[in-house]
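If you want the building blocks of each chain, they are given just below.
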Amino acid sequence: MKIGILGAMPEEIAFLGSRMGLERQTRMAQRDFLEGTWEGASVVLAYSRIGKVSAALTTALLIGTFRATHVILTGVAGALDRALRVGDVVIADRLMQHDLDASPLFPRYEIPLLGRSTFPCDLADSALTAAHAYIAEDFRRDVPPERAAAFGMSRPNVRRGLIVSGDQFLDDPAEGARIRGDLPEALCVEMEGAAVAQVCYEMGNVPCAVIRVISDDAGHSAAVDFTRFVRDVAEFLTGGIAARLVQSLHEEASRQDV
Ligand code: SAH
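Residues numbered from 1 in each chain as written. Predicted model: local features only at pLDDT ≥ 70, side-chain atom pairs only at ≥ 80, totals over all residues. Heavy atoms only, no water.

## Here we look at the packing of aromatic side chains
In step 1: Under the counting rule described, the total for this entry stands at six aromatic pairs.
In step 2: Aromatic side chains Y134 and F139 sit 6.4 Å apart centroid to centroid with 70 degrees between the ring planes, which places their arrangement in the edge-to-face category. For the pair Y134 and F139, a shared accessibility class is recorded, and that class is buried.
In step 3: Between F169 and F226, the ring centres sit 6.3 Å apart and the planes meet at 85 degrees, which makes this aromatic pair edge-to-face. Of this pair, F169 sits in the loop between β8 (158-165) and α6 (173-182) while F226 sits in helix α8 (residues 226-257), and the two are 57 residues apart along the sequence.
In step 4: Taking the relative accessible area as the measure of exposure, F226 reaches 25% and is therefore partly exposed.
In step 5: Directly above the ring of F15 sits R19, whose terminal nitrogen or CZ lies 3.7 Å from the centroid. (Phe/Tyr/Trp six-rings, centres within 6.5 Å; stacked < 30°, edge-to-face > 60°. Buried < 20%, exposed > 50% of the residue type's maximum accessible area, 1.4 Å probe, protein only. Helix = DSSP H or I, 4+ residues; strand = E, 2+ residues; numbered from the N terminus. Lys NZ or Arg CZ within 6 Å of the ring centre and 35° of its normal.)

## Structural notes on the site of the ligand
In step 1: Neighbouring the ligand are 18 residues; V76, L170, M191, E192 and D216 lie closest to it.
In step 2: A distance of 3.3 Å is found between a nitrogen atom of the ligand and a backbone nitrogen or oxygen belonging to G78.
In step 3: One of the side-chain nitrogen or oxygen atoms of D216 is found 2.7 Å away from a nitrogen atom of the ligand.
In step 4: When the ligand sits alone it has 560 Å² of accessible area, and the protein chains cover 80% of it.
In step 5: Counting only elements with at least two residues in the shell around the ligand, the list comes to β5 (70-79), β9 (186-190) and β10 (208-216).
In step 6: When the residues that make up the shell around the ligand are grouped by side-chain class, the tally is eleven nonpolar, three polar and four charged. (Near = heavy atom within 4 Å. Polar contact = N/O pair within 3.5 Å; in protein donor to acceptor, adjacent residues only side chain to side chain. Areas by Shrake-Rupley, 256 points an atom, 1.4 Å probe, with all protein chains shown as cover. Nonpolar A, V, L, I, M, F, W, Y, C, P; charged D, E, K, R; others polar.)

## Some points on unusual backbone geometry
In step 1: The amide bond that connects S103 to the next residue, P104, takes the cis arrangement and shows omega of 10 degrees.
In step 2: As for its placement among the helices and strands, P104 is situated in the loop between β6 (89-97) and β7 (119-120).
In step 3: For Q30, which is not glycine, the phi dihedral falls at a positive 65 degrees.
In step 4: In this structure, Q30 sits in the loop between β2 (21-28) and β3 (31-38).
In step 5: Non-glycine residue R49 carries a positive phi angle of around 75 degrees.
In step 6: Within the fold, R49 resides in the loop between β4 (41-47) and α2 (52-64).
In step 7: Relative accessible area serves as the criterion here: at 31%, R49 is assigned to the partly exposed category.

Pasting the structure below:
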């Protein structure tokens, strides 16, 4: 087993990078791939850069070249569901591209010639368990209540459901309302997840997890200082949840080996 972990922005994987036991660093396609061990498991870590193409290329290399058998994407996202607040966690159970439209040749959102528009996340249940455990046991240690309060948050809620991806940062309330109307089940919007899940699907149903922390409301100007939020809160949440997930996957694989 080897777990590939990626984040779109350097800040999003800094937490993971600083804690892994680095064995090898390889530069490929203008990216750095860090291989080593973490929580006892064999891991390969990469920073993908922002957007679907960047995430797809990185995922294809993680699986095809670095032999990742599981993929975890971590990062931040804009809320679409009105009940979500900054700091809440969303675990994808499926993803789709909200800006893909090859109609009238193919139904809107459908990937041409693949015959589907949504892609599953097989590790959703395990990621959900990891999120609840991290928030209940470690979150207050990593992010003291005063620091969380500075961003208007307390204990994060965790939701599971549809995440949608597109190649634009959504900060226009009218556009947010349009996506909510067209895809009412979508919990949040970001720019990489559906690409990662599609590559995992096409490269042999590689199990994946997408773990997102809400950083903004995908509407009016960002409510929080984005960089500070990622550094002070989001990277602990996504990193802490990813650590728990890596640990549980590793334990499960070790049990199966004996
Ligand atoms: N404002 C940031 C730009 C980050 S781009 C900056 O100044 O650095 C947004 C990144 O966060 C993408 O990787 C995307 O996946 C995620 N994201 C967070 N909120 C988003 C939103 N409202 N719309 C789209 N992507 C969002």
